[in-house]
Amino acid sequence: MPATVIIGAQWGDEGKGKIVDRLAESADLVVRYAGGPNAGHTLVVGGEKTVLRLIPSGALHRHTECLLGQGMVVHPAGLLDEIDTLESRGVALTDRLTLSRLAHLILPYHVLVDELREGREGGTKIGTTKRGIGPAYEDKVGRRGLRAGDLEHPRRLRARLEEALATWAPTILALGGEVPDVDAMVTAVMPHAPRLIPLLGDVSAQVETALRDGKRVMLEGAQGTMLDIDNGTYPFVTSSSAVAGGACTGAGIGPTRIARVLGITKAYTTRVGAGPFPTELDDDVGAHLRAVGKEFGSVTGRPRRTGWLDVAALRYARRVNGITGLAVTKLDVLTGLDTLRVCVGYEGASGAANELPDGDALTPVYRTFEGWTESLQGASRLEDLPPPARAYLDFIEEASETPIDLISTGPGRESTIEKTGGF
Ligand code: IMP
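Residues numbered from 1 in each chain as written. Predicted model: local features only at pLDDT ≥ 70, side-chain atom pairs only at ≥ 80, totals over all residues. Heavy atoms only, no water.

Along its 14 residues, helix H12 (residues 387–400) runs 20 Å from first to last C-alpha, staying within 8% of the 20 Å computed at 1.5 Å per residue. Pro388, Ala389, Tyr392, Leu393, Phe395, Ile396, Ala399 and Ser400 are the residues of H12 that are buried. Buried residues of H12 fall within an arc of 155° about the axis and therefore sit on the same side. Facing away from the buried side of H12 by over 90 degrees, the exposed positions are Pro387 and Glu398. (Helix = DSSP H or I, 4+ residues; strand = E, 2+ residues; numbered from the N terminus. Expected span 1.5 Å × (residues − 1). Buried < 20%, exposed > 50% of the residue type's maximum accessible area, 1.4 Å probe, protein only. Arc of directions from axis to C-beta.)

And the structure:
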């Protein structure tokens, strides 16, 4: 049975966690394939909120195997904390959690460099989550990174640390920081080895075996298309592959193994951090979306930037991901707005465009829709939605040329409308 990929079709925070959790009910394996603890995948089950940063969002289903793929960067203590938090709530992960030997480790100097860069005067500020993501991926592509499998080889690990620290030292000093010593770094990571080593495995082989056995495999992305290192609004992006293609390299499978790509989009748009955001609102509507949608970063607590839905950007996301179906989340947040607007294209210095990204300053071209006042909380059938909400969804399908498979009308598992079958 081929695999399904779940990706963010916007700038992250689309509600992937909730959708993966909902669909994982019928999944055998969920593999997170990119990013690190910059993600905050929020699940609300039985009124209880769980935020997962590294562990795949299928974790709350006790039959689901959870795999952390080689496309990820993993903070050793952070992963153990997350395991402990889940286990303290009765979610046992023993024997169903695997960490790829090939996943890279985030060390304290990665976090230090990220913080120093974001804190300095001048220079391009990305508005990162300061979790060391960029520097950890820099070490990976610089071929001096530490991988989870190195925990089994302390001497090799020490040699790699020495090399990495020698490379980072001039940067740290130039940024006004203090270069940590190798012993301190060994001490930061090695005490976690006894608990992490039993989790190590070959994620690619495990996924292949599962697919051959006809099991249902879900590949969970992190962040969103416009934050993708190659296809996003560079340089205001994260450092990993947030698009569906990243699932192949990040989980170690071939593209022929993937049949379905589910793109998650909010019914409006948000962005955290700096960079282009053509439909951004700096008015009462923007404040409504932030307050009602609780749009504050789940990792950093930063207020998110808010704006209208951008179907031109969605068309771009459809193309670069090969999206086969959409899940539209947070539709309930639009309740109470008199009129709604959707960006259908842009006017730029070099003429009209109907897809992001583009280097120009872009002025959005909008279409206006009638709003609704009815609460959508808990709606679980299409017929529960007021006609203007259905018209809004119909337009998204038509303009993005993509069917909507799922609609989310609240944070809980039950507030989901499945338009087409399940997983
Ligand atoms: P980094 O991934 O911490 O390096 O941050 C790079 C950019 O991606 C910043 O604009 C962050 O705000 C953004 N970003 C990273 N992770 C997430 C996420 O999970 N949701 C939304 N934005 C994110």
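And the narrative resumes.
Right, let's get into the domain arrangement of the protein. Interfaces are often described in size by the accessible area the parts lose on coming together. Entries for the protein in the domain assignment read domain 1 (104–194) and domain 2 (266–418). Taking the mean C-alpha position of each, domain 1 and domain 2 sit 37 Å from one another. Counting from both sides, the interface comprises six residues of domain 1 and, opposite them, five residues of domain 2. Of the roughly 360 Å² buried where domain 1 meets domain 2, counting both sides, 46% is carbon and sulfur surface. For the pair domain 1 and domain 2, the interface holds zero salt bridges. Taken together, the links from domain 1 to domain 2 amount to three residue pairs in polar contact (both at pLDDT 80 or more). (Domains from an automatic or database assignment. Contact = heavy atoms within 4.5 Å. Buried area = accessible area lost by both parts, 1.4 Å probe. Salt bridge = Lys/Arg side-chain N within 4 Å of Asp/Glu carboxyl O. Polar contact = N/O pair within 3.5 Å; in protein donor to acceptor, adjacent residues only side chain to side chain.)

Looking now at the environment of Gly90. By the secondary structure assignment, Gly90 is in the loop between helix H2 (76–88) and strand S7 (97–100). Placed 30 residues apart in sequence, Gly90 and Leu60 show a C-alpha to C-alpha distance of 9.7 Å.

With that out of the way, let us pick up unusual backbone geometry. Peptide bonds are trans in most cases, and residues, glycine excluded, mostly fall at negative phi. The linkage connecting Tyr234 with the following residue, Pro235, adopts the cis geometry, with an omega of 5°. The topology assignment puts Pro235 in the loop between strand S10 (217–220) and helix H9 (246–251). A positive phi angle, near 60°, is found at Asp13, a position not held by glycine. Mapped onto the fold, Asp13 is located in the loop between strand S1 (3–8) and helix H1 (16–23). For Asp13, a relative accessible area of 25% puts it in the partly exposed group.

Strand pairing in a sheet is mediated by backbone hydrogen bonds. Such pairs are either parallel or antiparallel. One open sheet accounts for ten strands, arranged S9-S7-S5-S2-S10-S1-S11-S15-S19-S20; its pairing is mixed. Taken across any chain shown, the strands that pair with only one partner, and hence form the sheet edges, are strand S9 (200–201) and strand S20 (416–418). In this structure, strand S15 (residues 325–329) lies alongside strand S19 (residues 404–408), joined through three bridges in parallel fashion. In the strand pairing of S19, Val328 is matched with Ile407. Lying over the sheet, H12 contacts S15 and S19, oriented at roughly 140° with respect to S19. (Pairing = 2+ DSSP bridges. Axes fitted to C-alpha atoms, helices over the stretch in contact; angles between N-to-C directions.)

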